[in-house]
Amino acid sequence: MTTTPEPAEPTRATAAPGANAATVEQRARTDLPVQGMTCAACVRRVEKALRATPGVAEATVNLVTQRATIAYDARTTTPAALARAIVEAGYEVPDASAVDGAPAAPAVDGDTAAPAVDGAPAAPAVDGAPAASADTGPRAASPAPERSAAAAGAPPPRPHPAASERAAAMDAAEQQEQRALRRDVAIAALLTAPLLAVAMSHGALPALEGAFGRWLSLALATVVVLGPGRRFFRLAFGALRHRAADMNTLVSLGAGAAWLYSTAAVVAPGLFPHAEHGHLPPVYFEAAAAIVTFVLIGRLLETRARKRLADAVRGLVALQPKTARRLRGDAEDEVPAAALAPGDLVLVRPGERVATDGEVVRGASAVDESMLTGESMPVDKTAGAAVLGGTLNQSGALTFRVTKTGADTALARIVEAVEQAQGSRAPIARLADVVSGVFVPVVAAVASLAFVAWLAVDPTAAGLATAIERFVAVLVIACPCALGLATPAAVAVGTGRGAELGVLVKGGAALEAASRVDTVLLDKTGTLTSGRPELTDVVALAGHGEAELLGLAAAAELQSEHPVARAIVEGARGRGVGLPAASEFRAEIGHGIEARAAGRLVRAGTAAWLRRAGIDTGALEAEAERLAAQGRTPSFVAVDGRLAGLVAVADRPTDEARRAIAALRQLGVEVAMVTGDRAGAARAVAEELGIRAVFAEVRPEDKARIVREQRAAGRRVAMVGDGINDAPALAGADVGVALGSGADVAVASADVALLRGGVAGLPVALGLARATLRTIRQNLFWAFIYNVLGIPIAAGLLYPLTGWLLSPVLASAAMSLSSVSVLANSLRLRAFGRG
């Protein structure tokens, strides 16, 4: 289980009877694993039960990830009460006993520890704050006055546990479910095989044709239906208690009707017409057992497929080491990574992964951050540099001070974002939700109608048997599972694959919106360009070589911190030009610099500044204007009081930007640039990239206005940016896309974050969104078609025309395969981007 405190929002709540003052709401969010859900009807029932719990503001349940996410008032209810609401709705919360009052784990460094939840170890309190404990008493289930009074001074809810704890808890729950399913499938298959052999022998086994064979079939089928099949009846009864119906209702009715009818035919054959003449009524024990067996096999395959859906999260969680070397004075202790606290000193040796986020205090090394940032080259780290948990230390030993732990680390935030995205719904799922809401009652009605119709056509004993067979076939072929899985399965795989590709999509709605984007508005600085100037031109007058001029200019600029100066120095070094020693450096901010290099007085700066020194710049002013028109920044260079040439720098487009623009054109997406930079610089970059539409010299609020105008013109707009000034436009677009390396405000305002490769990840994000929506449509199409065609065939509607009748055995097999096929189709998205 996961619990996250949210910022307290003072609100005036309705006072309980006898209360004298309103309470202050304390919002928190928790994730609970839920087992036993099989279709959209189950999802709705769990959501309804949770939303009916006092203090719950919102509850969202995901069928694929088998997880409930609840926002609630921590002063009114507890995770224990929420877990009980789920259990009372007829479903299971793995290790619910841990939620309801497991003993607290030992405190770390004097902090009060939170109780273990869902089988995961307790997380220590953050920053010395005591953690909330789960209410184990009966008051947790209701908002009694004494519960509210007791909660009034309650501490905040427990901090967010580590991603590894959540993954371990979910893995344990899935493994437990798989073990139970494997056991039940083995028992059911072992006993159903002889039942099918008996049913299909048609006299080939004389010993099994008489009473012995019928009683043997009764015994075998009873063990299957009431043994491995008991889970369906238990869940169906739970749904009935809540006046609801779901997939388990259909399976229970189908298997139960076949078994009850057949049992009556064996135990009391005299109840059936013509039995006194020796005509034994037919039995359908093999159908009852096969229904249970095939549905169980389908469930087992679903759980295996669901486990693959979470591979992306498991891969991220696996990056975090389980232990760390904590330094206390001269002592070095190996401790669990979860025990680290802000301020601890941690040693990381070459080849080891960084345990958590921190700041280097001593040592030097290169760290591979590609798994989080996408930076292909190792990043040099020295004292003062930040390190991220999960990254790989390569060349040297580092000692760093812990700054963030648990859910606050960069890795944990990425994991949580992926989990939330996988658990969210896409708007396209609404149709399936509406259909699923009435699906089971409609199917039951169709099955009853088929029974009555067949019995009316042939009221004999044979007709009764056929009517029951059609009734059972309709019940078991119907598959709301496929409808319920169609959207969340594709969203889960799509968002997970996105995380592997460095594309963080914040939910199914964002994924669907991104799939429809036809216009992309791109910021220039830092998005299309590197965000730092680079040397582009060196123009030398007669008597000075380019290398000599560049060397003198770079030597003079060496002591300047100005970005233009750094670009000239780096450009000279990049071209292999030597820099002579310089002295007597002087800078005039906004105008230029002067220094003595190789015994010569060098001045570099604006034309006006050089003219004030009596230097004529007329020979190169036309060239400077031409370069400025191309978006470059020229600096005039004079040597010993005479104009020697000029150098120019510019913020150049990146190779990633070129590839991204080309790929967007292939996707049929229109591209426009929106920037606050000068029109000349913006047009120069746009021309180099082939962008035709340019909005230059715009303020942040103007960017948001341009987004609104484009949307008003009927465009589906994605805004891409990386700075704080982009946040309003990102929030106003159909899809806001932020570069993961950009400002936190920009990333928070965005629907999609590109964590690696810069803007080159944009075509990947849009392509993945389109592929995911295409998969959702395929899933919904085949789920609808399956039910639209399967149910009439099972009812015998085509029998007068084709003579086709579908046996309950084949119907149950088809039903199981339909939901598995939806999952298999969704899993094809894991191959996206591998070609």
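Whatever comes next refers back to the structure up there.
Residues numbered from 1 in each chain as written. Predicted model: local features only at pLDDT ≥ 70, side-chain atom pairs only at ≥ 80, totals over all residues. Heavy atoms only, no water.

S.K.: So what's going on with the sheet that holds strand E10 (residues 379-381)? Residues and values would help.
M.R.: By definition, the strands of a sheet pair up through backbone hydrogen bonds, in either a parallel or an antiparallel sense. Overall, antiparallel pairing links the 3 strands, which are arranged E10-E9-E12 in an open sheet. Only two strands of the sheet have a single partner each, and these edge strands are E10 and strand E12 (392-393). Across 3 bridges, the pairing between strand E9 (residues 365-368) and E10 is antiparallel. Bridging across to E10, Ala 366 finds its partner in Asp 380. (Pairing = 2+ DSSP bridges. Helix = DSSP H or I, 4+ residues; strand = E, 2+ residues; numbered from the N terminus.)

S.K.: How would you summarise the nonpolar core if you had to cite specific residues and measurements?
M.R.: In this structure, Met 37, Leu 50, Ile 70, Ile 86 and Tyr 91 are the most contacted members of the largest nonpolar core, which totals 89 residues. Of all the elements, helix H9 (residues 285-309) adds the most residues to this core, at 10 residues. Excluding residues that lie within four positions of it along the chain, Ile 86 makes contacts with Leu 32, Val 34, Val 46, Leu 50, Ala 68, Tyr 91 and Val 93. Among the nonpolar cores identified, the runner-up in size contains 33 residues, and Val 520, Leu 528, Val 720 and Ala 765 belong to it. (Core = buried A, V, L, I, M, F, W, Y, C linked by side-chain atoms within 4.5 Å. Buried < 20%, exposed > 50% of the residue type's maximum accessible area, 1.4 Å probe, protein only. Contact = heavy atoms within 4.5 Å.)

S.K.: Describe the side chain of Lys 381, with residues and values.
M.R.: Positionally, Lys 381 belongs in strand E10. A polar atom in the side chain of Lys 381 sits 2.7 Å from the backbone oxygen of Ala 386. In this view, Lys 381 contacts Val 360, Gly 363, Ala 364, Ser 365, Val 367, Glu 369, Ala 386, Val 387 and Leu 398; residues no more than four positions away in its chain are not counted. (Polar contact = N/O pair within 3.5 Å; in protein donor to acceptor, adjacent residues only side chain to side chain.)

S.K.: Requested: an account of helix H1 (residues 40-51), with residues and values cited.
M.R.: Between its first and last C-alpha atoms H1 spans 16 Å; for 12 residues at 1.5 Å apiece the expected length is 16 Å, and the two agree. Among the residues of H1, Ala 40, Ala 41, Cys 42, Val 43, Arg 45, Val 46, Glu 47, Ala 49 and Leu 50 are the ones counted as buried. (Expected span 1.5 Å × (residues − 1).)

S.K.: So what's going on with the pairing of strand E6 (residues 331-336)? Which residues, and what values?
M.R.: Pairing geometry for strand E5 (residues 323-328) and E6, over 6 bridges, is antiparallel. Note on E6: the bridge partner recorded for Ala 324 is Val 335. Where E5 folds back on E6, the antiparallel hairpin that results is connected by 2 residues, among which Gly 329 adopts a positive phi of roughly 65°.

S.K.: Break down the sheet that holds E6 for me, citing the residues and quoting the values.
M.R.: Strands sit in the order E6-E5-E7-E13-E8-E11 across an open sheet of 6 strands; the sheet is antiparallel. Edge positions in the open sheet fall to E6 and strand E11 (386-387), since each of these has one partner strand only.

S.K.: Provide a residue-level description of helix H22 (residues 655-666), including the pertinent values.
M.R.: In this model H22 runs 17 Å from its N-terminal to its C-terminal C-alpha over 12 residues, within 8% of the 16 Å that 1.5 Å per residue would give. Within the span of H22, buried status applies to Ala 657, Ala 660, Ile 661 and Leu 664. Take H22 and look down its axis: the buried residues cluster within an arc of 100°, on one side only. Exposed positions of H22 whose direction lies more than 90 degrees from the buried face are Asp 655, Arg 659 and Gln 666. Following H22 by one or two positions, Gly 668 adopts a phi angle in the positive range, close to 80°. (Arc of directions from axis to C-beta.)

S.K.: Would you mind going over the packing of helix H16 (residues 508-515) against helix H27 (residues 761-795) in detail, with residue names and values included?
M.R.: At a closest axis distance of 8 Å, the pairing of H16 and H27 adopts a crossing angle of 105°. Taken together, H16 and H27 sit at an angle that is classed as roughly perpendicular. Together, Leu 511, Glu 512, Ala 514 and Ser 515 of H16 and Leu 766, Ala 769, Arg 770, Thr 772 and Leu 773 of H27 make up the contact between the two elements. Here the residues of the contact of H16 with H27 sort into 5 nonpolar, 2 polar and 2 charged. (Axes fitted to C-alpha atoms, helices over the stretch in contact; angles between N-to-C directions. Parallel < 35°, antiparallel > 145°, perpendicular 65-115°, else oblique. Nonpolar A, V, L, I, M, F, W, Y, C, P; charged D, E, K, R; others polar.)

S.K.: Explain the packing of aromatic side chains to me, and be specific about the residues and the numbers.
M.R.: According to the stated counting rule, one finds 3 aromatic pairs in the structure shown. Ring geometry for Phe 781 and Trp 782: centres 5.0 Å apart, planes at 75°, overall edge-to-face. Exposure remark for Trp 782: the relative accessible area of 56% places this residue in the exposed category. (Phe/Tyr/Trp six-rings, centres within 6.5 Å; stacked < 30°, edge-to-face > 60°.)

S.K.: Outline the packing of helix H8 (residues 247-267) against helix H14 (residues 461-477), supporting the account with residue identities and numerical values.
M.R.: Put simply, H8 and H14 touch, their axes get as near as 8 Å, and they point 160° apart. The angle between H8 and H14 falls in the class roughly antiparallel. In the crossing of H8 with H14, the sense of the turn from one axis to the other is left-handed. Contacts between H8 and H14 involve Leu 250, Leu 253, Gly 254, Ala 257, Ala 258 and Tyr 261 from the former and Leu 464, Ala 465, Ile 468, Phe 471, Val 472, Leu 475 and Val 476 from the latter. Its residues assigned to classes, the contact of H8 with H14 comprises 12 nonpolar, 1 polar and no charged. (Left-handed = near helix turned anticlockwise from the far one by under 90°.)

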